[in-house]
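Next come the chains, spelled out residue by residue.
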Amino acid sequence: CFPSLRFLLSKPGDLIKICGPNNHWAVYIGNGFVVHFGAPNSPSASSSGEVDGIVKKEKIQHVAGEYSWRVNNSYDEEYKPVSPDEIVKKACSLVGVSLTYHLTKYNSEHFATEMRYGKTESRLAYTRSLGFSVLCSRTYQARCKMLLSDEDK
């Protein structure tokens, strides 16, 4: 999809996956905005230690920067999402709140899935806990890029 078409296809409550060096997840809340969680200014945010993180509301273009993004509600196959209104309300209620970020225990994907399903899930954290972090992270990035290039045709 072209970027402008992605906005039309994105619905409030959708999970957004940003494909970059470290995949990042957010909750789409409408009008080009997402709510997301992370520890962006911490050098240890990519380590396995705990650091302070913050929940932010920002334009998707600002969060994604040069990286591609897409809707990814793949957990819908396993869990029933709460209503879009509830997802947006809960995510927005946490904007500005400081939470503990941990790469494998509570990262941006955990946050996003908690908003949509009421459960914390992270496939990347699971693969990292198994010791496959570099391989799986690169595999997910390549797959995401491949899917995006197919959509743009």
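Residues numbered from 1 in each chain as written. Predicted model: local features only at pLDDT ≥ 70, side-chain atom pairs only at ≥ 80, totals over all residues. Heavy atoms only, no water.

Enquirer: Honestly, the sheet that holds strand S4 (residues 50-59) in this entry has me stumped. Any pointers?
Expert: Sheet strands line up and pair through hydrogen bonds in the backbone, either parallel or antiparallel. One open sheet accounts for 6 strands, arranged S5-S1-S2-S3-S4-S6; its pairing is antiparallel. Unpaired on one side and paired on the other, strand S5 (68-71) and strand S6 (98-102) mark the two borders of the sheet. Across this sheet, the average inter-strand angle for adjacent strands is 35°, counted without regard to direction. Here strand S1 (residues 15-19) pairs with S5 via 4 bridges, running antiparallel. Paired with Ile 18 across the two strands is Trp 69, which belongs to S5. Its contacts with the sheet place helix H3 (residues 84-93) against strand S2 (24-30), strand S3 (33-38) and S4, and it is angled at close to 115° to S2. Where helix H4 (residues 108-117) meets the sheet, it contacts S1, S2, S3, S4 and S6, and its direction lies at approximately 35° from that of S2. (Pairing = 2+ DSSP bridges. Helix = DSSP H or I, 4+ residues; strand = E, 2+ residues; numbered from the N terminus. Axes fitted to C-alpha atoms, helices over the stretch in contact; angles between N-to-C directions. Contact = heavy atoms within 4.5 Å.)

Enquirer: Mind showing me how you'd approach the environment of Val 82 here?
Expert: On the secondary structure map, Val 82 appears in the loop between S5 and H3. Note on Val 82: relative accessible area 31%, which makes it partly exposed. In the structure, Val 82 is positioned 69 residues away from Gly 13 in sequence and 8.8 Å away in space, judged by C-alpha atoms. Look past the residues within four positions of Val 82 in its chain and what remains in contact with it is Ile 87, Met 115 and Arg 116. (Buried < 20%, exposed > 50% of the residue type's maximum accessible area, 1.4 Å probe, protein only.)

Enquirer: Help me out: how do you make sense of the side chain of His 102 in this one?
Expert: Of note, His 102 is situated in strand S6. At a separation of 3.1 Å, a polar atom in the side chain of His 102 contacts the main-chain amide nitrogen of Lys 105. (Polar contact = N/O pair within 3.5 Å; in protein donor to acceptor, adjacent residues only side chain to side chain.)

Enquirer: Looking at this model, I keep getting lost on the nonpolar core. Mind explaining?
Expert: Where a protein is soluble and globular, its nonpolar side chains tend to be buried together. One finds Leu 15, Val 27, Val 35, Phe 37, Tyr 101, Phe 111 and Met 115 to be the most contacted residues of the largest nonpolar core, which totals 21 residues. Listed by contribution, the elements that provide at least two residues to this core are S2, S3, S4, H3 and H4. No other element matches the 4 residues that H4 contributes to this core. (Core = buried A, V, L, I, M, F, W, Y, C linked by side-chain atoms within 4.5 Å.)

Enquirer: So what exactly am I meant to see when it comes to the packing of H3 against H4 here?
Expert: Packed helix pairs are specified by the crossing angle of their axes together with the interaxial distance, meaning the distance between the axes. In contact at an axis separation of 8 Å, H3 and H4 are set at 135° when each is read in the N-to-C sense. When the axes of H3 and H4 are compared, the pair comes out oblique. Only Glu 114, Met 115 and Arg 116 of H4 make contact with H3, whose side of the interface consists of Ile 87, Lys 90 and Ala 91. Its residues placed into classes, the contact of H3 with H4 shows 3 nonpolar, no polar and 3 charged. (Parallel < 35°, antiparallel > 145°, perpendicular 65-115°, else oblique. Nonpolar A, V, L, I, M, F, W, Y, C, P; charged D, E, K, R; others polar.)

Enquirer: I would appreciate a short explanation of the packing of aromatic side chains in the present structure.
Expert: The description of an aromatic ring pair rests on the distance of the ring centres and on the angle between the ring planes. Counting across every chain of the model gives 5 aromatic pairs. A ring pair is formed by Phe 37 and Tyr 101, whose centres lie 5.8 Å apart and whose planes are at 45°; its orientation type is tilted. Here the residue Phe 37 occupies a position in strand S3, and Tyr 101 occupies one in strand S6, the gap between them amounting to 64 residues. A relative accessible area of 0% means that Phe 37 is categorised as buried. Residue classification places Tyr 101 among the buried residues on the basis of a relative accessible area of 11%. Put simply, the rings of Phe 37, Tyr 101, Tyr 106 and Phe 111 pair up and form one aromatic cluster. Lys 57 extends its terminal NZ or CZ atom over the ring of Phe 33, reaching a point 5.0 Å from the ring centre. (Phe/Tyr/Trp six-rings, centres within 6.5 Å; stacked < 30°, edge-to-face > 60°. Lys NZ or Arg CZ within 6 Å of the ring centre and 35° of its normal.)

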